[in-house]
Amino acid sequence: AQTVTQSQPEMSVQEAETVTLSCTYDTSESDYYLFWYKQPPSRQMILVIRQEAYKQQNATENRFSVNFQKAAKSFSLKISDSQLGDAAMYFCAYRSPGRGSNYKLTFGKGTLLTVNP
Amino acid sequence: EPEVTQTPSHQVTQMGQEVILRCVPISNHLYFYWYRQILGQKVEFLVSFYNNEISEKSEIFDDQFSVERPDGSNFTLKIRSTKLEDSAMYFCASAGTGAYNEQFFGPGTRLTVL
């Protein structure tokens, strides 16, 4: 079974600075998908960024980018120019390519990000 | 922008009672999921549903749980006889087709079992 590990329960960053959240995973599959979800205090989870394992190029979405190291099974999230609205719990998630119709997500325990003004 | 909705936002029930959590997925989506998050813990997969049947369920999803898509728009999770340990946030998610099969989450229902 796949597992996802987020080793940083909490992180903090100064507004406008850059922060990197770590995620490692364990899988025997060669093709899969990785996601970062943000869960602000309102509790609804929002997709931040996604990465396909067969793509070597790191995904980027505005201020959010990933460092995907397939051999190391590492998928870190970098937030540049941090804003107060980035404060949230961040979850790393793994998805198998899917067998039939199932595409369940396996989540890490999350990293609580605090942004200090 | 289309979104997944869930009702109620908070449900309080007595142990042993039945509860039904409701979700309205995004209209053209085909894959539906329930996850739960016990306070302070990670989000856990419960069940996936496609083509009017369960495609996978976790060990958490025992005989006390059931899911249904009764009318083509709603997607419900029923817990027949709630236990204290069922207290959690329950998230519904839906996904369309495409390589990523990106899941869109609802705001969740907080279930409190007394």
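This text follows the structure it describes.
Description of the structure in this document. In this convention, every chain numbers its residues from 1, walking through the sequence in written order. Going through the entries in the order they are written, you letter the chains from A and number the ligands from 1. Local features in this predicted model are restricted to residues of pLDDT 70 or higher, and side-chain atom pairs are both shown and tallied only at a pLDDT of 80 or more, whereas totals for entire chains, interfaces and linings draw on every residue. Here the side-chain values reflect all heavy atoms present in the structure, with hydrogen atoms and water set aside.

### What about the pattern of salt bridges?
Here is step 1: Whenever a carboxyl oxygen of Asp or Glu lies within 4 Å of a side-chain nitrogen of Lys or Arg, that contact is scored as a salt bridge. Throughout the structure, instances matching the rule amount to six salt bridges over all chains.
Here is step 2: Taking the shortest distance from any N to any O, the salt bridge between Lys73(A) and Asp26(A) comes out at 3.8 Å. With Lys73(A) in the loop between strand 8 (64-69) and strand 9 (74-79) and Asp26(A) in strand 4 (residues 24-26), the pair connects residues that are 47 residues apart, well separated along the chain.
Here is step 3: Buried means the residue's accessible area, taken with a 1.4 Å probe over protein chains only, is under 20% of the maximum for its type, while exposed means over 50%, and partly exposed covers the values in between. A relative accessible area of 26% means that Lys73(A) is categorised as partly exposed.
Here is step 4: We note a salt bridge from Arg50(A) to Glu102(B), for which the minimum N-O separation is 2.5 Å. Residue Arg50(A) is found in strand 6 (residues 46-52), and its partner Glu102(B) is found in the loop between strand 9 (88-95) and strand 10 (103-105); the two belong to separate chains.
Here is step 5: Residue classification places Glu102(B) among the buried residues on the basis of a relative accessible area of 19%. Only DSSP runs of H or I with at least four residues qualify as helices, and only runs of E with at least two residues qualify as strands; both kinds are numbered from the N terminus onward.

### Examining the state of the cysteines
Cysteine pairs can be linked by a disulfide, which is a covalent bond between their two sulfur atoms.
All names here are of chain A.
Here is step 1: Two cysteine sulfur atoms make up a disulfide if the distance between them is within 2.5 Å. All told, the structure shown has two disulfides over all chains when counted by the stated rule.
Here is step 2: For Cys23, the disulfide goes to Cys92, at an S-S distance of 2.0 Å. Between Cys23 and Cys92 the disulfide shows an S-S torsion of about -70 degrees. By sign, it is left-handed. Taken as a pair, Cys23 in the loop between strand 3 (19-21) and strand 4 and Cys92 in strand 10 (residues 88-95) lie far apart in primary sequence, 69 residues in all. Grouping residues by exposure puts Cys23 and Cys92 together as buried.

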